[in-house]
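# Commentary on secondary and tertiary structure
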Amino acid sequence: MSDELSIVGQSLVKPDAMGKVSGQTKFADDLMLPRMLFGRLLRSPYPHARIRRIDTSKATAIPGVLAVLTGEDLPVKFGILPVSQDEEALAREKVRYVGDPVAAVAATDEWIADEAIDRIEVEFEELPRYMSLEEALADGGGEPIHGRTNVHKAVALEFGDTEEAISGAAHQREDIVFFEGNTHLPMEQHAAVAQYGQDGRLTLWSSTQTPHYVHRALGKVLEMPMSRIRVIATPNGGGFGGKSDIFAHELVAAKLALVTGRPVKITLTREEVFYAHRGRHPVLMKVRTGFTKEGVITGMQFQSFLDGGGYGSYGVASTYYTGALQTTTYAIPRYRFEGARLFTNKPPCGPKRGHGTPQPRFALEVHLDKVAEELGIDPVNLRLRNLPEPDSRTVNWLRITSCGLRACIEKVAAESRFLEQRRAMPAGRGLGFAVSSYLSGAGTAIYWNEMPHSEVQLKVDRGGGVALLCGAIDIGQGSDHILAAIAAEVLGVSLDDIQLTTADTDLTPIDLGSYSSRVTFMAGNAARAAAEKVRAILFEAAAEALQCDPDDLQARDRRVFRRARPEDGMTFAQAVVAAEAKRGVVAASGSYTPPRIAGPYKGSGVGPSPAYSYSAAVVEVDCDARTGEVRVPQVWIAHDIGRAINPMLVVGQVEGSVYMALGEALMEEQTFRLGLHKFPSMLEYKSPTALEAPVIHTYLVETIDPEGPFGAKEAGQGPLLPVIPAVANAVYNAIGVRIDEIPITPDRVLKALAEKAKGRLPRVGPRRVPAFAFPALIQVERPPEWTQS
Amino acid sequence: MDPILVLRLPRLRYVQARTVEEAAAIVGSDGGRAMLIAGGTDLLPNLKRRQFDVATLVSLRGIPGWDAITGDPQAGMSLSAGATLDQVARHPAVLSGYRALAQAAGLVSTPQIRYMGTLGGNLMVDPRCNYYNQTFAWRKAVGFCLKKDGDICLVARSSPRCWAVSSSDTAPVAVAFAASVVLQGMAGTRRVRAAELYRDDGIDYTTRKRDEVITSVEFPAARTTTSAYWKLRRRGSFDFPIVGAAVVIWWEDGVVRDARGALSAVGSHPVDISSYLSSLRGVHPDERLIAELAAAADKPARPLDNTDLSHYWRKRMTRVFIERALRDAAGLDPQAGLLTAQLKS
Ligand SMILES: Cc1cc2nc3c(=O)[nH]c(=O)nc-3n(C[C@H](O)[C@H](O)[C@H](O)COP(=O)(O)OP(=O)(O)OC[C@H]3O[C@@H](n4cnc5c(N)ncnc54)[C@H](O)[C@@H]3O)c2cc1C
Ligand code: SF4
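About the thresholds
- Residues numbered from 1 in each chain as written.
- Chains lettered and ligands numbered in written order.
- Predicted model: local features only at pLDDT ≥ 70, side-chain atom pairs only at ≥ 80, totals over all residues.
- Heavy atoms only, no water.
- Salt bridge = Lys/Arg side-chain N within 4 Å of Asp/Glu carboxyl O.
- Buried < 20%, exposed > 50% of the residue type's maximum accessible area, 1.4 Å probe, protein only.
- Helix = DSSP H or I, 4+ residues; strand = E, 2+ residues; numbered from the N terminus.
- Expected span 1.5 Å × (residues − 1).
- Phe/Tyr/Trp six-rings, centres within 6.5 Å; stacked < 30°, edge-to-face > 60°.
- Lys NZ or Arg CZ within 6 Å of the ring centre and 35° of its normal.
- Contact = heavy atoms within 4.5 Å.
- Buried area = accessible area lost by both parts, 1.4 Å probe.
- Near = heavy atom within 4 Å.
- Polar contact = N/O pair within 3.5 Å; in protein donor to acceptor, adjacent residues only side chain to side chain.
- Areas by Shrake-Rupley, 256 points an atom, 1.4 Å probe, with all protein chains shown as cover.
- Pairing = 2+ DSSP bridges.
- Right-handed = clockwise from strand over helix to strand, strands pointing away.
- Nonpolar A, V, L, I, M, F, W, Y, C, P; charged D, E, K, R; others polar.
- Domains from an automatic or database assignment.

## Here's the deal with the pattern of salt bridges
Residue and element names in this part refer to chain B. Counted under the stated rule, the structure contains 82 salt bridges over all chains. The partner of R18 in a salt bridge is E22, with the nearest N and O atoms 3.2 Å apart. Among the residues examined, R18 registers a relative accessible area of 60% and is labelled exposed. D126 is the partner of K147 in a salt bridge, and the nearest nitrogen-oxygen pair spans 2.9 Å. Here D126 lies in the loop between α7 (119-123) and α8 (136-142) and K147 lies in the loop between α8 and α9 (170-176), a separation of 21 residues in the sequence.

This is the structure in structure tokens:
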């Protein structure tokens, strides 16, 4: 029998699938506890206002209302990043966007809770509002949203003299583009249930991607020891980054449970989910690049202005992310990044699939497409001339291990016949091309510590069952399957033998959460480490019984046997019995800590990852020049996954990314009017349905990353990135207009066509960036391999 | 208690009427606080947003024969108000003689809504506006508007009237076919031409009296008729029209005897454009004539900034969609028209 993998690499049905399709899965809102109360939040009707007075007496007087809370009941500030502790569960002095929570009630049913919310009287004093980047930056606008300025974060880094590299280059180009904000739109609304027991312990069930961070925040805000708090992440009905923050309703449900002694549930309405947001930042960008006449990049300057909304959230990280991954996609010898995030009176922005990188990806890929045309080099070739090398370090000190970008590019270009077809299709149709890279997990934790990022405990029982405990939460991406598949592969058992317990802070060791595409890589490595330790214990006992060397043993098909003589062996359960007889409980733990590879500069913590995934896409568009409507019939996408632990799940992630990207490219936008979200509903916030989904040709490229579990990298976010600019480039190839603004709506397309008809520049998009004084550039020494260029 | 239904209906009395008379009597006598409910697909979401103050819902679904469809294109057809949109969209006689009606019904939203939603309810869809189809809390934050709880129009601030958008897909088809709507109230039964069912006002949008139940819609004989409905919306399912163009052509000896048309979603009522089509009479239209007429027939369309996408684009799209509907009804490739929506840049 061979050493071939038996489970890893197979398209097997994931363990939670049957529960989902049969309706058995219990989401947070499905939980019903005896004597449970219903909580509701009163939210600000003003984008920016001071709270003068709150009178809750009329609400408290309603029979059936058991508690009413205001900001004074939860005075401790919090925030997901240690540097941005600027949120309150219920606003105390000021509200900063329409939807900012101000008060809360718990009542015996939802009608009473609604009525109580209506009876709370709040006296506001309206303040001048800031609804755009320009307004946030305007002088004399009155009281800033936080502190003394609306500038939340401004950064400026330079790696090598970019001015010299660009102005001395044979060819240079500058582009200014805008990417409108949009939101995650998970099917499941956020929900949380809290219970405070007679034993003085608090339990919170929540639809969250980050139970560990919620655990920490509860301890801080409730001023309770974390040891008395238990957070259980319920199966997520979609997250996409929208459930990876600490939310007011979680803290409030917990506090209401403490105050009333009864379980409390808060489920957000769809409208409230739009207010909870933490979605894609609107970003205005300027990119300037120098090229040799052969199309090789000599240097790049990149500026981004992020419209952050009312609070910090992940914003400091988002800001750095708009500058971090330019260099992992292309070999850029000198690089300058300036970024600024501004507070505005809108729901706070944060991480959405691709966190901070789809916007610059759009800027860069459209920019390169234009440069390719100017240089007379085809867009595929231009990319191939600037590829990063495997096993290299970027100019901003990011370590690249495996890199399958070339293979991805060649695959989609060939399959779609891009070069032959891009401008040779019937009228209105064309192909566009773009590429990208993404992290397989952030190399640093959200709060500074030296502990592992992911931990797994494994215990085997006499019947041959394997219990696997891990803090990771499956948000639909399939992390449960990955954990089970890796453990089953190493131990040679079947997927059904693995009993998973996940995302329960009482029971499971830490996993930092389902964000930054980190779970397969990090929890997968932890699972592998734990399983290998258990296997070693079993082999030791089995070797004694079989009178052979443990190294000669193999585990497969629920057996432990001699590699050379497979009939010479025992069942997996017999091996467990032998080991347990010898040494008691057969258990082990494994953990994963990413390598410390951040560069020697401030801000270097955002961008490093133990490995990067790569993608390339070709998108076909069908534009109706009479109406400006753009449809996408077909997408070809290749993704460097390292190794597909379950190809079906990877393809699912790729297809989901394509679909989400098309929504962002063509219709989704979080826009505001009179200070309010224009359409906080699933009907009017336009997101594509299954009918708009194109035919998607997915190709997986395997590069077997040296550090990934079985060589695996990420799939959840990267494949979204190239699709958006590929749409824009396809529109150009189809009808000759440049829409340098996302989303590409029909009225914008028509406007550009009208410009074209008049012989003017056939373009719609921003023309300038605001005058803004970035901080002095921090000049960072480049890694040695770059200092010659 | 059902999970996820966090946006609650108000507490209501629900009455299942056994006859039309009984339904009319309840809505006619409840001091204006009772409403008819058919499929509920328009009404219930609106009630969750507190767009009406209602104490009683009177359901029509239990009335015997409520979903009947009778007749044929030779003699004319009668469709009960309770016929579901799905029934209408698939009915062979409707498909053959009144294609635009089948198209319009089939283009309403999603399969689920077409299984529940009825023709009568579709004719009576509450005019829509994205300052109005919002939750109570949202409307309160924006300061309410004329249509409910407020005193100004937020779209046209100096306007004394409401410009909410007539958003029914079948209403313009009924108008274009010159169908009759049969209404039964406490005082008896009357029939009106479909166009007369509506008023050009976003609030007071119908001439139907409080106690009247629409019992059926009668489509005249359609022996030599072709018709088409073209609907503009962002997504191919789910979305209300942002422009709808219905066109009916009556042919005689290879030339047009008469042509009528009406638009959805460009005003507070279905906008009749038949007068713009009169020069089709007596000719077999070619694509130039169609383009000319369509370019002029968008005149009465007045989209405002209160539904999806920009109103100037919707205005420009109107003629493209009239052209498509006309070409379709005249047997030309609908999408190969001569007009573009061309925006001034
Ligand atoms: C997501 C969504 C998308 C939609 N998209 C579209 C769309 O694209 N196009 C479209 O046209 N509609 C659309 N609708 C609206 C609605 O679903 C349909 O118009 C449907 O046909 C309404 O019929 P109903 O039987 O459900 O009406 P109900 O909701 O039961 O009633 C609607 C109104 O008509 C009145 N009414 C009902 N029956 C009668 C009667 N017999 N006599 C007198 N008054 C009556 C009711 O009192 C109420 O005022 C959509 C709805 C939703 C929720
Ligand atoms: S058109 Fe004006 S009055 Fe009518 S619903 Fe809209 S905002 Fe209100």
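## A few points about helix α11 (residues 358-375) of chain A
All names here are of chain A. Helix length check: α11, at 18 residues, gives a terminal C-alpha distance of 25 Å against a target of 26 Å (1.5 Å per residue), a fit within 8%. For α11, a buried count of 15 out of 18 residues is recorded, marking the element as mostly surrounded by other parts of the structure. G376 occupies a position one or two residues after α11 and carries a positive phi of about 70 degrees.

## Here we look at unusual backbone geometry
Residues and elements named next belong to chain A. The step from I742 to P743 runs through a cis peptide bond, and the omega angle for that step is 5 degrees. Note that P743 resides in the loop between β32 (741-742) and α20 (746-757). Unlike most non-glycine residues, F240 shows phi in positive territory, near 60 degrees. Inspection of the secondary structure assignment puts F240 in the loop between β11 (229-233) and α7 (248-260). You can call F240 partly exposed: its relative accessible area is 30%. The backbone of S517 sits at a positive phi, close to 50 degrees, despite the residue not being glycine. Within the secondary structure, S517 sits in the loop between β21 (498-502) and α16 (519-546). Owing to a relative accessible area of 16%, S517 belongs among the buried residues under this scheme.

## What about the packing of aromatic side chains?
Taken as a whole and assessed by the stated rule, the structure comprises 17 aromatic pairs over all chains. Both rings, one in A:Y46 and one in A:F124, keep their centres 5.3 Å apart while their planes meet at 70 degrees; by these two values the pair is edge-to-face. Placement of the pair is A:Y46 in the loop between β1 (37-43) and β2 (49-55) and A:F124 in strand β6 (residues 121-126), with a sequence separation of 78 residues. Since its relative accessible area comes to 27%, A:Y46 is described here as partly exposed. Ring centres of B:F136 and B:F144 lie 5.4 Å apart, and the angle between their planes is 50 degrees; on these two criteria the pair is classed as tilted. B:F136 sits in the partly exposed class, given a relative accessible area of 30%. For B:F144, a relative accessible area of 16% gives the class buried. An aromatic cluster is present here, built from A:Y213, A:Y447 and A:Y515 joined pairwise through their rings. A cation over a ring is seen here: A:R528 above A:F710, with NZ or CZ 4.0 Å from the ring centre. The aromatic ring of A:Y732 is capped on one face by A:R738, whose charged end is 4.0 Å from the ring centroid.

## As for the interface of chain B and chain A
With 47 residues of chain B in contact, the opposing surface of chain A contributes 49 residues. Taken over both partners, the interface formed by chain B and chain A buries close to 4100 Å², and the fraction arising from carbon and sulfur atoms is 55%. Three residues stand out in chain B for area buried against chain A, namely B:V6, B:R234 and B:R235, and they jointly supply 16% of the buried area on that side. One can count 5 salt bridges joining chain B with chain A. Of the charged contacts, one joins B:R11 and A:D109 as a salt bridge, the two residues approaching to 3.5 Å between their closest N and O atoms.

## Focus on the site of ligand 1
Residue and element names in this part refer to chain B. Near ligand 1 lie 35 residues; those nearest to it are L36, G40, T41, T118 and D169. Between an oxygen atom of ligand 1 and a side-chain N or O atom of T41, the distance comes to 2.5 Å. In this structure, K231 approaches ligand 1 through a side-chain N or O atom, which is 2.8 Å from an oxygen atom. Summarising the interface, the protein chains cover 96% of the accessible area of ligand 1, which totals 960 Å² for the free molecule. Secondary-structure elements contributing two or more residues to the shell around ligand 1 are β2 (34-37), α7 and β8 (213-219).

## Things to note about the pairing of β21(A)
All names here are of chain A. The side-chain alternation of β21 yields one buried face, formed by I498, L500 and T502, and one unburied face, formed by Q499 and T501. In this sheet, β21 lies alongside strand β20 (residues 466-470) in parallel orientation, the contact comprising 5 bridges. Bridge pairing in β21 links L468 to L500. Taking the sense of rotation as the criterion, the β-α-β connection linking β20, helix α15 (residues 479-491) and β21 turns out right-handed.

## Details of the site of ligand 2
Neighbouring residues of ligand 2: 13 residues in total, closest B:C129, B:C145, B:C153, B:C162 and B:W163. Class assignment for the residues of the shell around ligand 2 results in 11 nonpolar, 1 polar and 1 charged.

## Notes on the side chain of B:D86
Tracing the sequence through the fold places B:D86 in helix α3 (residues 85-90). Leave out the neighbours within four places in its chain, and B:D86 touches B:R114 and B:Y115.

## Some points on the domain arrangement of chain A
Residue and element names in this part refer to chain A. According to the domain assignment, chain A consists of domain 1 (36-127 + 187-238 + 243-276), domain 2 (156-182 + 279-443 + 600-764) and domain 3 (451-592). Centre-to-centre separation of domain 2 and domain 3, based on C-alpha positions: 39 Å. Facing the 22 residues of domain 2 at the interface are 20 residues of domain 3. Roughly 1600 Å² of surface becomes buried between domain 2 and domain 3 when both sides are summed, with 65% attributable to carbon and sulfur atoms. By the criterion of area lost to domain 3, the three top residues of domain 2 are I645, P709 and F710, representing 34% of everything that side buries. Summed over the shared surface of domain 2 and domain 3, the result is 0 salt bridges. One can count 8 residue pairs in polar contact (both at pLDDT 80 or more) joining domain 2 with domain 3. Secondary-structure elements contributing two or more residues to the side of domain 2 that touches domain 3 are β18 (429-439) and α18 (647-666). Grouping the constituent residues of the side of domain 2 that touches domain 3 by class yields 10 nonpolar, 8 polar and 4 charged.

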